[in-house]
Amino acid sequence: MKKIKITTIILAIILITMIAFTGVYIKTQNRMENKVKEYEFGRELEGGRVIEIKVATGDDGTQNSEDSTTENYEIVKNTIEKRLNNLGAPDYTISLNKENGTIRVELAEDDLIDTYAYFLTANNEVQIKEKDTDTVLLSDSMVKKAMYTYNADIEGSYQVYLELHLTKDGQAKIEEIKNNYAVFATEIDEIEAAQSEKIENKTETSEEQTTEAEETTENQDAQAETKKIALLTIAGTEYDVDRIEENRVRLKIGEKTTNTSSVNSNISAGAELALLINSGKYPIQYEIAENRFVASDITEQQMLYFSIAIVSILLIVFIIFIVKYRANGLLASISFIGFVAVFLLLLRYTNVSISIEGIGAIILVLIINIRINQIILSKIKIMNILNEAFSTTYKDVYLKLIPVIIITLVFCFAG
C-alpha cells in the first residue's frame, strides 16, 4: 500500500513537472498552441516602453506661459501616477524635467501598453456650455468625482450611466442652468424637433403665401423654443443628461440595449470616464512627443546561461542527496522538482512580473527549501522516524524564518 502511494505521488509530480516545463499543447486552427500561461517579465529583463509627453502647443506653436509653471508640471505628474495606479500598471517609473515640463514614463511592455499610453494624455474636461457659443455655464472645477452604474428593465435591456458628483458651487450652478436652459435630453429633442419643423415650413412656404401666414408660423416657433440649449461635454464629446438630483448629474452612456457586446462596451466607456475624472485634472494640456520600445541590456542568451547554471547546481545537490541518503535522498530530490514545478506555475498564474529582484527571491526560496530537505534527511537518518523529523524540522526552521517573513511582508506592501 505504501509503495502504491509513493508511486502515485511520483507520477503526479512527473505530470506537474511536464506541464510546468514543457506545457500543454492543443491543436488550434491547424497549429499546436501551448495553453499554459507564459511568464511575465519586468522591464529589466524583457525591455519596456519609454513614452515622453510634453506641454501641448497652440496653433501658433507656442505654449501658454501663464500655465507653464513647475507647480502645474508636478500636478500633471501626480495625476499620471494616479491614472496608472487606477489602471493597475504593474511596473513603471515617472520622471519630470522641471525646466520645460517634459515627463518621461517608463512602462513594462504588455498587452495593455497602448491603453496606458492613451491615458497619459487623455482629456477629461467636463463642461456645460451654451449651444453654438463659447459661454461656459458649468466648469470642470465644479465636478468633484464620478462613478458609473447601470440598470436593467424587465425585458433585459441595459442602460449604462455616468454620475457626476458636484461641489457646492456646482450644485448651485446646476440649479440655475436647469431653470434657465434646456439641458435634459428630452427637452433638447423637443426644441430641436421644433427647429427642424421651422426649417421645413420655411422651405414649403412659397413666395405667394401671405405675410399673415408667415407671421403665424414664426409665432408658433417662438413659443416652442422658450429656452436656450445647454450641452454637457466630456473631453469635447456630448452626452445626454438623463437626471439631475441634489449634487448629482446622471448622463447616459450609449443607448439602452440587450446586446451583450454593446453593454460591455458601454460599461468600459463609463469606467474609463470615471477613472479619468477621479484621477484628477490637468491644469495644462500635454501631448505625446516620443513613444518607443527600449530593449533590455540582458540578452536571452545570458538568461539561458544563467538558467543552465542554476539547473547544474541543483543536479549536483540531487546527486549528493542520493549518494548520501540513498532512497530517501532520491525521493527528496523528486519532491524538490515537484516543488519547483508548482512554484513556477504559481508565478505564471498569479500574474507575478519577474524582475531581477524577483529572481533573487526565487533563488532564496530554493536555497531555503534545499536546506529544509537536508535537515529532514539528516534527522530521518538519525531518528528513523519520518513524522517526527518533519515536525521538528519545520518547527525549528520556521521559527528562524520569522524575521525573513516579516521583512518580506514589509517589502510587499512598500511602494
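Residues numbered from 1 in each chain as written. Predicted model: local features only at pLDDT ≥ 70, side-chain atom pairs only at ≥ 80, totals over all residues. Heavy atoms only, no water.

(A) A look at the pattern of salt bridges. For the coordinates displayed, the defined rule picks out 20 salt bridges. Glu-245 serves as the salt-bridge partner of Arg-243, at 4.0 Å between the closest nitrogen and oxygen. Via salt bridges that share partners, Arg-43, Glu-52, Asp-91, Arg-104 and Glu-106 belong to a single interconnected network. (Salt bridge = Lys/Arg side-chain N within 4 Å of Asp/Glu carboxyl O.)

(B) Main features of helix α8 (residues 260-279). Between the first and last C-alpha of α8 there are 28 Å, a value that for 20 residues agrees with the 28 Å anticipated at 1.5 Å per step. Taken residue by residue, α8 has Val-263, Asn-266, Ile-267, Gly-270, Leu-273, Ala-274, Leu-275, Leu-276, Ile-277 and Ser-279 as its buried positions. You can read the cap of α8 off the contacts: a side-chain oxygen lies 3.0 Å from the backbone nitrogen of Ser-261, and it is on Asn-259. Gly-280, located one to two residues past α8, shows a positive phi value of around 120°. (Helix = DSSP H or I, 4+ residues; strand = E, 2+ residues; numbered from the N terminus. Expected span 1.5 Å × (residues − 1). Buried < 20%, exposed > 50% of the residue type's maximum accessible area, 1.4 Å probe, protein only. Polar contact = N/O pair within 3.5 Å; in protein donor to acceptor, adjacent residues only side chain to side chain.)

(C) Structural context of the side chain of Thr-79. In this structure, Thr-79 sits in helix α3 (residues 70-87). Given the relative accessible area of 5%, Thr-79 is considered buried. Filtering out sequence-adjacent residues up to four positions away, Thr-79 remains in contact with Ser-279, Gly-280, Lys-281 and Tyr-282. (Contact = heavy atoms within 4.5 Å.)

(D) Representation of empty space enclosed by the protein in the model. What the rule picks out here adds up to 2 cavities of 30 Å³ or more. There is about 40 Å³ of room inside the largest cavity. Lining the largest cavity are Val-126, Ile-128, Leu-138, Val-143, Leu-164, Leu-166, Ile-174, Leu-232 and Val-249. Taken together, the elements giving at least two residues each to the lining of the largest cavity come down to β7 (126-130) and β10 (158-166). Partitioning the lining of the largest cavity into residue classes produces 9 nonpolar, no polar and no charged. The space that makes up the second largest cavity amounts to roughly 30 Å³. What lines the second largest cavity is Glu-163, Arg-243, Glu-245, Arg-248, Val-249 and Arg-250. With 3 residues, strand β15 (residues 248-257) is the largest single contributor of residues to the lining of the second largest cavity. (1 Å grid on protein atoms, 1.4 Å probe; cavity = no way out; pocket = protein on both sides within 12 Å on 5 of 7 lines; lining within 4 Å. Points joined across faces, edges and corners; volume = space filled by probe spheres on them. Nonpolar A, V, L, I, M, F, W, Y, C, P; charged D, E, K, R; others polar.)

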